[in-house]
Structures are given as C-alpha cells and as structure tokens.
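Each chain is listed here by its residues.
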Amino acid sequence: MELSGTTELPAGARVWLVPTPVGNLGDITLRAVEVLRGADAVACEDTRRTGALLSHLGIGRPLVRLDAHTMHRAAGVLEKYPRLAYVSDAGTPGLSDPGAELVAAAIAADVPVEVLPGATALVPALVLSGLPAGRFTYEGFLPRSGRERKERLAAIAARAETSVLYESPHRLHATLGDLAAACGETRPASVTRELSKRFEETRRGTLAELVAWAAGGVRGEIVLTVGGRPLEEAAADAPDHAALAQAWAAEGLGARDIRERLMAAGLRKNDAYTLALQVTSS
C-alpha cells in the first residue's frame, strides 16, 4: 500500500489514532475531542456509529469508512485527507481492531502518526480480575478452530503470567470450556462484560465455575482474564524442550515444524525459534 509517487502531501499532514469510549461516552478525552474537531476527516469502521458519537460531541467532520474490508483504500484516503483521524467502533484502534494497515501506509509515506492514550477494555478488566497484573500477555481474539486455536490454548495453559482475551458473548461458553480443558478446571479466571456501561459486571472464580455460570448465556462485550500456571505445577511438569526438539529433528521435521511444536509445549517464540535452528543445523 503506497501513496502515489506524484502526490506531495501538504505540510502538517498527520494521522491520529483516537480511542473512543468502550461504553460511557463521558470517557472521551479532551484531547480526543480536539483532534476529531481539527482533522480534515474522520475515518472509521462504521459511519453510522461514529456519526452518532460526533453528533453527541457537536463535531461535524467528513466521515470515511475504513474497516477490515475497505482498508486497502487507506492510501487514497490519506491523499485526500492528509490530516486524518481514525477511530474504531470502541476503544483504541489497531488493538484487535483495524488500524495497523493505515499506520503502515502513513509510515511508508513519511506521514507522522500519533496514538492518543485513552479508552481500552483490556486494562480495566485485567485490574478488576484481581489476578496478578505486573506481567500479562494480551491474546486478543482466539482463532475459532483448528490447530492454531489448540496451540494458543496450550500456550495460555503453559505460561506463568496472566492472559487477557477478548471473546464474543455467543462463543464465551465454548471458549471457557476449552480453557478449562487446557488449563485445568481449577485455574482462576474472570469474565468482565459491559465495561463502563449500566450493567457492567465482573464474575470471578475457577474456570469450572465460570463454565457453569456462562452456560445460561451471557450478553455484552466480553473480556476474559486467565491466571497464570502455578509455579509448583510448572516445575513438576516442565518438559525438556531440548530433548523434544532433538527427537523431532531425528524424525526429520524441519525447523518451522519444530518451532511450532515447541511453542505449543509452552516455549516462547524466540526461544523456540533459536532451539529449532540449533537442532536442525547440527
């Protein structure tokens, strides 16, 4: 995605990624309002939803749709509106929402990019969970099925730090069940829904308890937080990754397949990559 080689962007060209409230409209920041008001246009996922927000704020700016299906038009939008604000439906753009391609297009064209601090669902949910928050891994949305989903579940089960996931309400029960199978039913977790809205709720308990709770159906925007693997459990069951890698190499597996298996066994990506190269190059 590149800007036209014959187009010179005017001075002051800039892209702002602007967080919008995940629920309560009062969570918009003063700076976000200032940027939205001063931009040439506001690009967004849903022009109706963003239009309602701008109307509430008393801001009248041109709206351009840039979602996962239309993001290929980002370069052309930047040429037409060089001072462009981008918002997702809620929260911070580019975080489990479109936006990364727009940032890449702007960087490639030497257009400065600013990301405003502001609303996001994962940090409040993490703190509300009561689980350790000093170190955590953000998982976003899990793949819906297949080997990649199984590998991600295995990685969550193996890691020592807290994991934070997004999930849709109609898939929550199934995902909690899969997490219980991967992590063990007694692993502590929490489900936060409808952050900053009237019916905000955080339900804490073991994965087994949350599976039972979610069986009746849960509504709203969901953030799922899962505690890390207890240190004593990890120490008792820690696999010998080097021995596994050597055995797989002896079977004729390549570095890529060995790396993926090591990651599924709980090894971090960079460590898995290094070990896979070692056993296949020796």
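In this report, we go over the structure that sits alongside the text.

The rules behind each value
- Residue indices begin from 1 for each chain and proceed along its sequence in written order.
- A pLDDT threshold of at least 70 governs which residues receive local features in this predicted model, and a stricter bar of 80 or more applies before side-chain atom pairs are shown or counted, although totals over entire chains, interfaces and linings include all residues.
- Remark: hydrogens and water are excluded; side-chain values derive from all non-hydrogen atoms of the structure.
- Secondary structure is summarised from DSSP: a helix means a run of H or I of at least four residues, a strand means a run of E of at least two, and numbering begins at the N terminus for each.
- Exposure categories follow from relative accessible area, calculated using a 1.4 Å probe and restricted to protein chains: below 20% of the type maximum is buried, above 50% is exposed, and the middle band is partly exposed.
- Residue contacts are defined here by distance: any two heavy atoms, one from each residue, within 4.5 Å place the two residues in contact.
- One bridge is not enough; two strands pair if DSSP finds at least two bridges between them.
- A fitted line through C-alpha atoms serves as each axis, taken over the contacting stretch for helices, and the angle formed by two N-to-C directions is quoted from 0 to 180°.
- Buried Ala, Val, Leu, Ile, Met, Phe, Trp, Tyr and Cys residues form a nonpolar core when they are joined through side-chain atoms within 4.5 Å.
- Planes of paired rings set the category: under 30 degrees apart is stacked, over 60 is edge-to-face and the rest tilted, where pairs are Phe, Tyr or Trp rings (Trp by its six-membered ring) whose centres lie within 6.5 Å.
- When a carboxyl oxygen of Asp or Glu is within 4 Å of a side-chain nitrogen of Lys or Arg, the pair counts as a salt bridge.
- Definition of a polar contact: a pair of N or O atoms within 3.5 Å, with one able to donate and the other able to accept a hydrogen when the atoms are protein atoms, and with sequence-neighbouring residues admitted only if both atoms are side-chain atoms.
- Angles below 35 degrees are treated as roughly parallel, those above 145 as roughly antiparallel, those between 65 and 115 as roughly perpendicular, and all remaining angles as oblique.
- For a crossing to be left-handed, the near helix must be turned anticlockwise from the far one by less than a right angle; the clockwise case is right-handed.
- Residue polarity is assigned by list, with Asp, Glu, Lys and Arg as charged and Ala, Val, Leu, Ile, Met, Phe, Trp, Tyr, Cys and Pro as nonpolar; anything else, Gly included, falls into the polar class.

### Concerning the overall build of the protein
- Scanning the protein from terminus to terminus reveals 12 helices and 10 strands.
- When the backbone C-alpha atoms are referred to their principal axes, the protein occupies close to 60 × 50 × 30 Å.
- Within the protein, the fraction of its 282 residues that count as buried is 43%.
- At a minimum sequence separation of 6, the contacts of the protein that also span at least 24 residues come to 68%.

### Let's talk about the sheet that holds strand β6 (residues 136-141)
- Taken in spatial order, the 5 strands line up as β6-β7-β10-β8-β9 in an open sheet, and their pairing is mixed. Here the strands that pair on one side only, and so sit at the sheet edges, are β6 and β9 (201-206). This sheet shows a mean twist of 15° between the axes of neighbouring strands, independent of strand direction.
- In the sheet, strand β7 (residues 162-167) pairs with strand β10 (residues 222-226) via 5 bridges, with the strands oriented antiparallel. Looking at β10, one finds that Tyr166 is bridged to Val223.
- The sheet contacts of helix α7 (residues 172-183) involve β7, β8 (188-193) and β10, and relative to β10 the element is tilted by about 10°.

### Considering the nonpolar core
- Core analysis: the biggest nonpolar cluster contains 20 residues, and Leu172, Leu176, Leu179, Leu224 and Val226 have the highest contact counts within it.
- For this core, the element with the highest residue contribution is α7, accounting for 5 residues.
- For Leu179, the residues in contact, after removing those within four places along its chain, are Leu153, Ile156, Gly184, Leu207, Leu224 and Val226.
- In terms of nonpolar packing, the next biggest core, distinct from the first, is built from 19 residues, Leu78, Tyr81, Leu84 and Val111 among them.

### Some points on the packing of aromatic side chains
- Per the counting criterion, the structure on display carries 2 aromatic pairs.
- The interplanar angle of 75° and the centroid separation of 5.4 Å between the aromatic rings of Tyr138 and Tyr166 together place this pair among those described as edge-to-face. Taken together, the positions of Tyr138 in strand β6 and Tyr166 in strand β7 put the pair 28 residues apart, joining distant regions of the chain.
- When its relative accessible area of 11% is taken as the criterion, Tyr166 is described as buried.
- Aromatic ring contacts, followed pair by pair, group Tyr138, Phe141 and Tyr166 into a single cluster.

### Focus on the pattern of salt bridges
- Across all of its chains, the model carries 18 salt bridges by this definition.
- Two residues, Arg193 and Glu201, come together in a salt bridge whose shortest N-O distance is 2.8 Å.
- Residue class for Arg193 comes out buried when judged on its relative accessible area of 16%.
- For Lys197, the salt bridge identified is with Glu194, shortest N-O distance 3.5 Å.
- Given a relative accessible area of 30%, Lys197 falls into the partly exposed group.
- In this structure, a network of salt bridges that share partners links the residues Arg135, Glu139, Glu148, Arg152, Arg159, Glu161 and Arg268.

### Comments concerning unusual backbone geometry
- Despite not being glycine, Asp110 shows a phi value in the positive range, around 60°.
- The exposure class assigned to Asp110 is exposed, which follows from its relative accessible area of 71%.

### Quick notes on the pairing of β10
- With 5 of 5 residues buried, β10 lies mostly within the body of the structure.
- By the alternation rule, side chains of β10 split into Ile222, Leu224 and Val226 and Val223 and Thr225, which are all buried.
- Sheet analysis places β8 next to β10, joined by 5 bridges and oriented antiparallel. Paired with Val191 across the strands is Leu224, a residue of β10.

### Re the side chain of Asp67
- Here Asp67 is to be found in the loop between β3 (63-65) and α3 (74-80).
- With relative accessibility at 8%, the residue Asp67 sits in the buried group.
- A polar atom in the side chain of Asp67 sits 2.5 Å from the side chain of Arg65.
- Residues contacting Asp67, with those up to four places away along its chain left out, are Cys44, Glu45 and Pro98.

### Things to note about the packing of helix α11 (residues 255-264) against helix α12 (residues 269-281)
- Across the interface, α11 lies against α12 with an axial gap of 8 Å and an inter-helix angle of 140°. Between α11 and α12, the angle is such that the two are oblique. Read as a crossing pair, α11 and α12 show a hand that is right-handed. In this structure, α11 contributes Ala255, Ile258, Arg259, Leu262 and Met263 to the contact, and α12 contributes Lys269, Ala272, Tyr273, Leu275, Ala276, Leu277, Val279 and Thr280.
- Class assignment of the residues belonging to the contact of α11 with α12 gives a composition of 10 nonpolar, 1 polar and 2 charged.

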